[in-house]
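# Architecture at a glance
In case you want the letters, here they are:
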Protein chains: 2
Amino acid sequence: MDTAAPTGTRARTRRAILDAAVSVLAKNPAASLADIAAAAGVGRTTIHRYFPERSDLLAAIGAHLLELIDVATTRARLDDGTAAEALERVCQEYFELGEALQFAFENPQTQSVDWETETDADRALARLVERGHAEGTIDPDLPPAWVAEALWALLYTAWQHTRHNDVPKHASLTLCLRTLRKVIAPGG
Amino acid sequence: MDTAAPTGTRARTRRAILDAAVSVLAKNPAASLADIAAAAGVGRTTIHRYFPERSDLLAAIGAHLLELIDVATTRARLDDGTAAEALERVCQEYFELGEALQFAFENPQTQSVDWETETDADRALARLVERGHAEGTIDPDLPPAWVAEALWALLYTAWQHTRHNDVPKHASLTLCLRTLRKVIAPGG
DNA sequence: CAATTTTGGAACATCAGTGTTCCATCATGG
DNA sequence: CCATGATGGAACACTGATGTTCCAAAATTG
């Protein structure tokens, strides 16, 4: 893991490529490396210099995404307030991932990441839901895995809603939060 | 439109190819025609005989899917009972689409169908939600488009849940319906 | 059974994306 | 300002998918 920051020119172009790749592949999972290079304002050769094979790029994106999710999860401060409140914060933080979110949904099958493998964020989320069950702020009939999956699905829905109906982002987020609140509410 | 039934050998192999294509592409959107041919138990040449180009096959799948959705929508009898009840029936009917559902979600970008273009089913669903608003059985704060998108997202979630956590289908459907009911419930 | 249709497979040309190499050019920082 | 490193572009070989053609075998139909 050379997560260590080369903190120079290299680091910046690497990021540019990574960001462009997420952005382009989010819209078209079948995009070619040439497309990504163009979007990054970089020569195709340069991409191969940083990521020898396409799969290397995909893997790097995967790692990058997991990191973004981790950061967002931390920022949501899962331990503050009721579990229901924390879950809403998670929703807001994840919503900010934007294109990264789109990418994750449009490229599920790619071996870029083992979405199957439980990450720290997954486990933290599961624990949060269990806390909600105990507290009585989250419907105990909904298993943690279901809540997590529904959360992602709602986030995706929110972005779709913004895209297709040119609704302002904040409006979609509001709908998303409102819907989430109703989903997890106990009783019913 | 030769939707007219050739009702012979042709029709059957055509269906076999279409079904296999949906099944294979649902799992791997990048699958080759050779893969599809193998899954259909048919020579690759035969596929080209029915669908000259890949795009023709994709288009046919799109039309097929829209038809399936239409049939399912009709079966849900949108005009019977309260709008909320009808919407739950829609959910159940759509759930039965199974692999077709997966396909639609895994291949959103393909030009196989204009998912953008409103179909009859879309419009019927929108009207149903509006009826629910008027009746007071569906939360008036949720726009029809949002309800429709959330419905699809929940259905996708249900199938994912079954896939990843090897939960029996009926259990996922139950969760899905329960969640939907809470989402559309007025007030909150 | 005979005629017709449908099929599978082989062979082929084509094409787009990938990965590699090489070199001239540009930027950076020491 | 010069040396080192980073970049872009051209050229190339390679691969896998696509689409076409042709023919012999199998199935359907009357």
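All values reported here derive from a predicted model rather than from experimental measurement. (Residues numbered from 1 in each chain as written. Chains lettered and ligands numbered in written order. Predicted model: local features only at pLDDT ≥ 70, side-chain atom pairs only at ≥ 80, totals over all residues. Heavy atoms only, no water.)

The next subject is the protein's contact with DNA strand C. Every one of the 17 residues lining DNA strand C counts as a neighbour, but Arg54 of chain A together with Thr13, Thr45, Thr46 and Tyr50 of chain B are closest to it. In this structure, Gly41 of chain B approaches DNA strand C through a main-chain N or O atom, which is 3.5 Å from a phosphate oxygen. The side chain of Arg49 of chain B places a nitrogen or oxygen atom 3.0 Å from a base oxygen of DNA strand C. Put simply, the parts of the chain that give the surface near DNA strand C at least two residues each are helix 3 (44-50) of chain A together with helix 1 (9-27) and helix 3 (44-50) of chain B. The greatest single-element share of the surface near DNA strand C, amounting to four residues, is contributed by helix 3 of chain B. Each residue belonging to the surface near DNA strand C can be placed in one class, and the counts come to four nonpolar, eight polar and five charged. (Near = heavy atom within 4 Å. Polar contact = N/O pair within 3.5 Å; in protein donor to acceptor, adjacent residues only side chain to side chain. Helix = DSSP H or I, 4+ residues; strand = E, 2+ residues; numbered from the N terminus. Nonpolar A, V, L, I, M, F, W, Y, C, P; charged D, E, K, R; others polar.)

Residues and elements named next belong to chain B. Contact pair helix 1 / helix 2 (residues 33-40): the axes reach a minimum separation of 8 Å and the direction vectors enclose 120 degrees. With respect to their mutual orientation, helix 1 and helix 2 come out oblique. Both helix 1 and helix 2 take part in a crossing whose hand is right-handed. In contact with Ala16, Ile17, Ala20, Ala21, Val24 and Leu25 of helix 1, helix 2 contributes Asp35, Ile36, Ala39 and Ala40. Of the residues contributing to the contact of helix 1 with helix 2, the split by class is nine nonpolar, no polar and one charged. (Axes fitted to C-alpha atoms, helices over the stretch in contact; angles between N-to-C directions. Parallel < 35°, antiparallel > 145°, perpendicular 65-115°, else oblique. Left-handed = near helix turned anticlockwise from the far one by under 90°. Contact = heavy atoms within 4.5 Å.)

Close to DNA strand D lie 19 residues; Thr13, Gly43, Thr46 and Tyr50 of chain A together with Arg54 of chain B are nearest. Sugar and phosphate atoms form 52% of the subset of DNA strand D atoms that lie within 4 Å of the protein. Taking Arg10 of chain A, its side chain carries an N or O atom lying 3.5 Å from a phosphate oxygen of DNA strand D. Considering each element in turn, the surface near DNA strand D owes the most residues, five residues, to helix 3 of chain A.

The next subject is the relation of the copies chain A and chain B. Of the transformation placing chain A onto chain B, the axial shift is 0.0 Å and the rotation is 180 degrees, giving an RMSD of 0.1 Å. In the structure described here, the two chain copies are related by an operation that fits a two-fold rotation axis. (Least-squares fit on C-alpha atoms with pLDDT ≥ 70 in both.)

Compared with the 27 Å implied by 1.5 Å per residue over 19 residues, the 28 Å span of helix 1 (residues 9-27) of chain A between its first and last C-alpha is a close match. In the core, the buried residues of helix 1 of chain A are packed alongside helix 2 (33-40), helix 3, helix 4 (54-75) and helix 6 (99-106) of chain A. (Expected span 1.5 Å × (residues − 1).)

So, on to the interface of chain A and chain B. A common way to report how large an interface is uses the accessible area buried once the components associate. Listed as interface residues are 34 residues of chain A and, on the opposing side, 34 residues of chain B. Of the roughly 2,700 Å² buried between chain A and chain B on both sides combined, carbon and sulfur atoms contribute 61%. Linking chain A with chain B are six salt bridges. Asp139 of chain A is the salt-bridge partner of Lys182 of chain B, the closest N and O atoms lying 2.6 Å from each other. Mapped onto the side of chain A that touches chain B, the elements with two or more residues apiece are helix 6, helix 8 (144-164) and helix 9 (169-184) of chain A. (Buried area = accessible area lost by both parts, 1.4 Å probe. Salt bridge = Lys/Arg side-chain N within 4 Å of Asp/Glu carboxyl O.)

Here a ring pair, both rings aromatic, is described through the centre-centre distance and the interplanar angle of the planes. Within this structure, the stated rule accounts for six aromatic pairs over all chains. Residues Tyr94 of chain A and Trp152 of chain A carry aromatic rings whose centres are separated by 4.7 Å and whose planes lie at 15 degrees to one another, so their mutual orientation is stacked. Of this pair, Tyr94 of chain A sits in helix 5 (residues 83-95) while Trp152 of chain A sits in helix 8, placing them 58 residues apart in sequence. Owing to a relative accessible area of 1%, Tyr94 of chain A belongs among the buried residues under this scheme. Ring plane angle 20 degrees and centroid distance 4.9 Å describe the contact between Phe95 of chain B and Trp159 of chain B, whose orientation is recorded as stacked. Of this pair, Phe95 of chain B sits in helix 5 (residues 83-95) while Trp159 of chain B sits in helix 8 (residues 144-164); the two residues are 64 residues apart in sequence, bridging distant segments of the chain. The pair Phe95 of chain B / Trp159 of chain B is uniform in exposure class, with both members buried. The aromatic ring of Tyr50 of chain A is capped on one face by Arg10 of chain A, whose charged end is 4.7 Å from the ring centroid. (Phe/Tyr/Trp six-rings, centres within 6.5 Å; stacked < 30°, edge-to-face > 60°. Buried < 20%, exposed > 50% of the residue type's maximum accessible area, 1.4 Å probe, protein only. Lys NZ or Arg CZ within 6 Å of the ring centre and 35° of its normal.)

Checked against the element boundaries, Gln102 of chain A lands in helix 6. Residues within four places of Gln102 of chain A in sequence aside, it is in contact with Ala26, Tyr156, Trp159, Gln160 and Arg163 of chain A.

All right, on to the pattern of salt bridges then. Overall, the coordinates contain 22 salt bridges over all chains when judged by the stated rule. Between Lys27 of chain A and Glu99 of chain A there is a salt bridge; the shortest N-O distance is 3.7 Å. Residue Lys27 of chain A is found in helix 1, and its partner Glu99 of chain A is found in helix 6; the two are separated by 72 residues along the sequence. In this structure Glu99 of chain A comes out as partly exposed when scored by relative accessible area, which is 38%. Bridged by salt links that share partners, the residues Asp139 and Asp141 of chain A together with Arg178 and Lys182 of chain B form one connected network.

Detailed reading of the predicted coordinates is not advisable wherever pLDDT falls low. Looking at chain A, the pLDDT average stands at 92 and 93% of residues meet or exceed 70. Predicted confidence for residues 1-5 of chain A stays below pLDDT 50, and this span has zero contacts to residues more than four positions away or in other chains. (pLDDT = per-residue confidence, 0-100.)

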